[in-house]
Structure formats: structure tokens, C-alpha cells
Amino acid sequence: MKRDKLIFKLLDEEQQRQEEGIELIASENFVSRQVMEAAGSVATNKYAEGLPGKRYYGGCQVVDEIETIAIERAKQLFNAEWVNVQPHSGAQANAAVMLAVLQPGDKILGFDLSHGGHLTHGSPVNFSGKLYEPHFYGVNKETGRVDYDQLKEVALREKPKLIIAGASAYSRDWDYEFIRKVADEVGALVLADISHPAGLIARGLLIDPLPHCHIVTTTTHKTLRGPRGGLIMMGKDFENPFGIKTPKGEIRMMSSLLDMAVFPGTQGGPLEHIIAAKAVAFGEALSDSYMKYIVQVKKNADAMAEAFVKLGYQIISGGTDNHLMLIDLRNKNITGKAAENALVAADITVNKNMVPYDDKSPFVTSGIRVGTAAITTRGMKEKHMDHIVELIDAVITDPENEHSIKKIRKRVHKLMYDFPLYRDKDSE
Ligand code: PLP
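Since this is a predicted model, take the numbers as computed values, not measurements.

A separate point is the site of the ligand. Every one of the 15 residues lining the ligand counts as a neighbour, but Ser 89, Gly 90, Ala 91, Ser 168 and Ser 195 are closest to it. The greatest single-element share of the shell around the ligand, amounting to three residues, is contributed by helix α4 (residues 90-101). Each residue belonging to the shell around the ligand can be placed in one class, and the counts come to two nonpolar, twelve polar and one charged.

Right, dumping it as C-alpha cells:
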């Protein structure tokens, strides 16, 4: 086969972009070489509909072993009783959960997208808002923290079937115990979507939702530093919380409802190459070196938040408990969109983001979201956060000055040269 020079040239360019720039997108990370190797392996060739030992295709004996190891490692990592490692993505994991426990038209209660929630928690442009009846809670305007009184008030009024905890742009920990109490009062199930802070939760740096929430979903590619993908989990005692009945009246265990909602409910064949990469990543996440890494992610986020505050930036809620922060740029007279564009020109990658009570559209926004998962993988420590914030500030205070941005870009490349990525060592 002739080499596809065009695509591989573009992939080289992408590698160069990743190596030279400062990656601050909170949902991104750099996987190790062995995770990439597994993701690019021969397991991509295999169809394996079903579960290990119960497949609809022959020749699954090896991928059965791989998937079983992925399941066992995920269970160990999160102290989970039951796990499905097949969802192709975080959105697919959430879709499967909703398919398993809801009927079309049922009420769900999620964190408002414009306050930091995720599309799959009830946005009207997503299946979750189209198939189900979405209601929302948000953050308190003064504190920037989840308004648990509002959550309770809406839950008591609407009596949703499912309450969703979790976010894409929220820097504080969650009171899962309180949410569970509210859910018990109204007869709802609780889903915690820990896609962002999964790595911090797995290693005990944030409150563990598994003892409180009936179901937990996550992506595998953010702080967890695995391949792009999803995961569904349950803790102890949640096999059959309400004796869920199928349309035929049979009582089904929650785990089998969830398995069936993944396949055949929302997916066909699982991506066994990605499952192999998940297994590798879970193994890494159980290691001492990952523990050091994830502790550093949190330290770096703290240091970065402090550096922003020192320069007069407004961080929603005033700081961070996890790996990210949401910055309201309204006092800096620049929109999220303009800031993102100017920063990208300097090879500093962030994403524009709505801030709570934003007066601008999602295409413009008043804020940016930044996270430290990726730069920490490159080996950066607290002392480098001041430098990064100083570079960001230089761009944001003079976003149209091409000459200055060019100079900042050179400084960015110089800084990142000292933190090699896939160049001369395994990116552990
Ligand atoms: N849930 C949350 C909280 C997320 O932040 C994301 C992605 O950003 C998702 C779900 C969706 O994950 P994916 O992009 O893998 O579908």
C-alpha cells in the first residue's frame, strides 16, 4: 500500500503543534506512547459485539482477555463493583445510562450548560434535552458555587427521575451525599458524570461519588490520561435500587440494563483497540508515578489560579479544588472568543467558555476555561505557572498587537522546548 503522505504530513504538523504550544484545554491531555500503541494496534480489526465470554462473533478469545483486564483495572482504580468499558465516548456513556433508566419524556435535572454543565445533561440541542424533559440548577451568583438550595427546590417541585451531578467547567468539588438525600426524597436516581476530575477522584484527591450515586460515568481521556472514550460504573449496593421493570414487566438488574443500553442500545461493536488502550491507561493510573502526577495537576491548578488572581483576573468561585478554572474576562474588556483567538496565535491553547449569568452568546462568551492536566504531563511544576499566566496576560492585554504576539509565541516555544513530548523519552 502506498503511504498516505498527505495525512501523515498533517499528523506530523499536529505533533509539532502539540509539542511547541502550551496546552491548557482542560479536557485534553497527552497519553503515553504505550497508550497510543495500544490504540493503534491490531485490535482495531476485531468485531466483538457482546461482552467477554458472551460474544456474537468468533475469534474473540484474545480481546475477551483484554476487555476483562480493562474491567478489572477500572474496578480497582475506582473501587467500583461493576464497570462497562465499552462506551465510545462520554456522550455515549451518558446516552446509555439515560436509555437504561428513563423513558422518553421523563424529567431530568442537570447542571445548567451556561453555568458549567455538559450538553448531555439536558441541553435542548442534545438528545438528552430532546428525548427527556430537562430542568436545571446552577451556581449562586455571589459564590460561584453550585446552589444546592436551588437544586433541592427544583427537585422537590419537578420530581425528576434522574438527577445529574458533574460538569465541564466547574472548579469545585461536589456534595454527592446531599444530592443523594434529595434524590431519595423524590424517588430519583443519581448519575455522577466525573468526566473531568476522574483522575483526581480515582486517587482520592476529591470526594468519591461511588458510595452515594447510583451510577457514575466518565470519559477516559481527560485527567485520567487514557484514549478518547467512556466508562460506566456502579458502586456497592446499586444493582437494583428500584426494581426497574422492563416493558414486559420483568425485573432487571441495573448492571444488565446498563450493559444492554450500551450494546445493543446505543452502540454496535466495541472498539477493542481503544479498550486495550483504556486497560493500559488504567494500569498507569494505578501507578505511583501517576499518583505523583495527579497531585501535581492539582498543585499546578492552585498555583495558576493564584497567579491569575494576583493579576486581577476573576476566577469563578475564587479558586479551584480540581484541575481547572473558569475565568470571567469582563473586567479585562475582552470576550472569550477574542481571547481564545489571540492566545491561539501565540500557540497558547485555551477554549472560550460561557461564565455563569453570561450576557454573551456561546459563540462569543465572556470567559475562558483553563486546565493543568496536559502541561503537568509535560513536567511543569508550580514555579512555571506564574510564567504561563504572565504570557497569557501579555496576550490578553494587547490582543491585536501582532508584533507582540509573535514575540510571545517565540517565548512559548522556548519554554516548551524544555518539556519534551514524544521526542526523546516516553511521556510518562
Ligand atoms: N460529560 C462531561 C462532563 C464532559 O465534560 C464531556 C466532554 O467534554 C462529556 C461528557 C462528553 O465526552 P465526549 O466528548 O467523549 O463525548
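The discussion continues.
Angle between the axes and distance between the axes are the two parameters that describe a pair of packed helices. Where helix α3 (residues 61-78) contacts helix α10 (residues 272-285), the two axes come as close as 8 Å, and the packing angle between them is 35°. Here the hand of the crossing between α3 and α10 comes out left-handed. Of the residues in α10, those in contact with Val 63, Ile 66, Glu 67, Ile 69, Ala 70, Arg 73, Ala 74 and Leu 77 of α3 are Glu 272, Ile 275, Ala 276, Lys 278, Ala 279, Phe 282, Gly 283 and Ala 285. Here the residues of the contact of α3 with α10 sort into eleven nonpolar, one polar and four charged.

Let us now look at the environment of Tyr 422. Take Tyr 422: it is sitting in the segment after α15 (402-417). Spatially, the C-alpha atoms of Tyr 422 and Ser 32 are 8.2 Å apart, while their sequence positions differ by 390 residues.

Below, the discussion takes up the UniProt feature "site: Plays an important role in substrate specificity" (unreviewed entry) in the protein. In the numbering used here, UniProt assigns the feature "site: Plays an important role in substrate specificity" (unreviewed entry) to His 221. Within the element layout of this structure, His 221 appears in the loop between β9 (215-219) and β10 (230-234). Setting aside its immediate chain neighbours within four residues, His 221 contacts Asn 29, Gly 226, Pro 227, Arg 228 and Gly 229.

Right, let's talk about the environment of Ala 48 for a bit. Within the secondary structure, Ala 48 is located in the loop between α2 (33-39) and β2 (50-51). Taking the number of C-beta atoms within 10 Å as the measure of exposure, Ala 48 has 24 and is therefore buried. Through-space distance from the C-alpha of Ala 48 to that of Val 35 is 20 Å; in sequence the pair is 13 residues apart. Not counting chain neighbours up to four residues away, the residues in contact with Ala 48 comprise Arg 55, Tyr 57, Cys 60, Val 63, Gly 269, Pro 270 and Glu 272.

On to α15, then. Residue pairs spaced three or four apart in an α-helix point in one direction, given the helix's 3.6 residues per turn. Taking 1.5 Å of rise per residue, the 16 residues of α15 would be expected to cover 22 Å, and the 23 Å separating its terminal C-alpha atoms lies within 8% of that figure. Residues Ile 405, Ile 408, Val 412 and Met 416 constitute the buried set of α15. All buried residues of α15 fall inside an arc of 70° around its axis, so they share one side. Within α15, the exposed residues directed more than 90 degrees away from the buried face are His 403, Lys 406, Lys 410, Lys 414 and Tyr 417. Taken together, the buried residues of α15 touch α1 (5-20), β1 (22-23), α12 (336-345), β13 (348-349) and α14 (382-397).

Moving on: the sheet that holds strand β11 (residues 314-315). The sheet built from four strands is open, its strands ordered β11-β12-β15-β14 with antiparallel pairing. Unpaired on one side and paired on the other, β11 and β14 (351-353) mark the two borders of the sheet. In the packing of helix α11 (residues 288-310) onto the sheet, contacts are made with β11, β12 (324-328) and β15 (367-371), and the angle to β12 comes to roughly 15°.

Rules of the game
- Residues numbered from 1 in each chain as written.
- Predicted model: local features only at pLDDT ≥ 70, side-chain atom pairs only at ≥ 80, totals over all residues.
- Near = placed C-beta within 6 Å.
- Helix = DSSP H or I, 4+ residues; strand = E, 2+ residues; numbered from the N terminus.
- Nonpolar A, V, L, I, M, F, W, Y, C, P; charged D, E, K, R; others polar.
- Axes fitted to C-alpha atoms, helices over the stretch in contact; angles between N-to-C directions.
- Left-handed = near helix turned anticlockwise from the far one by under 90°.
- Contact = placed C-beta atoms within 7 Å.
- UniProt positions renumbered as here; feature names shortened; annotations may be inferred.
- Buried ≥ 20, exposed ≤ 12 C-beta atoms within 10 Å, placed from the backbone.
- Expected span 1.5 Å × (residues − 1).
- Arc of directions from axis to C-beta.
- Pairing = 2+ DSSP bridges.

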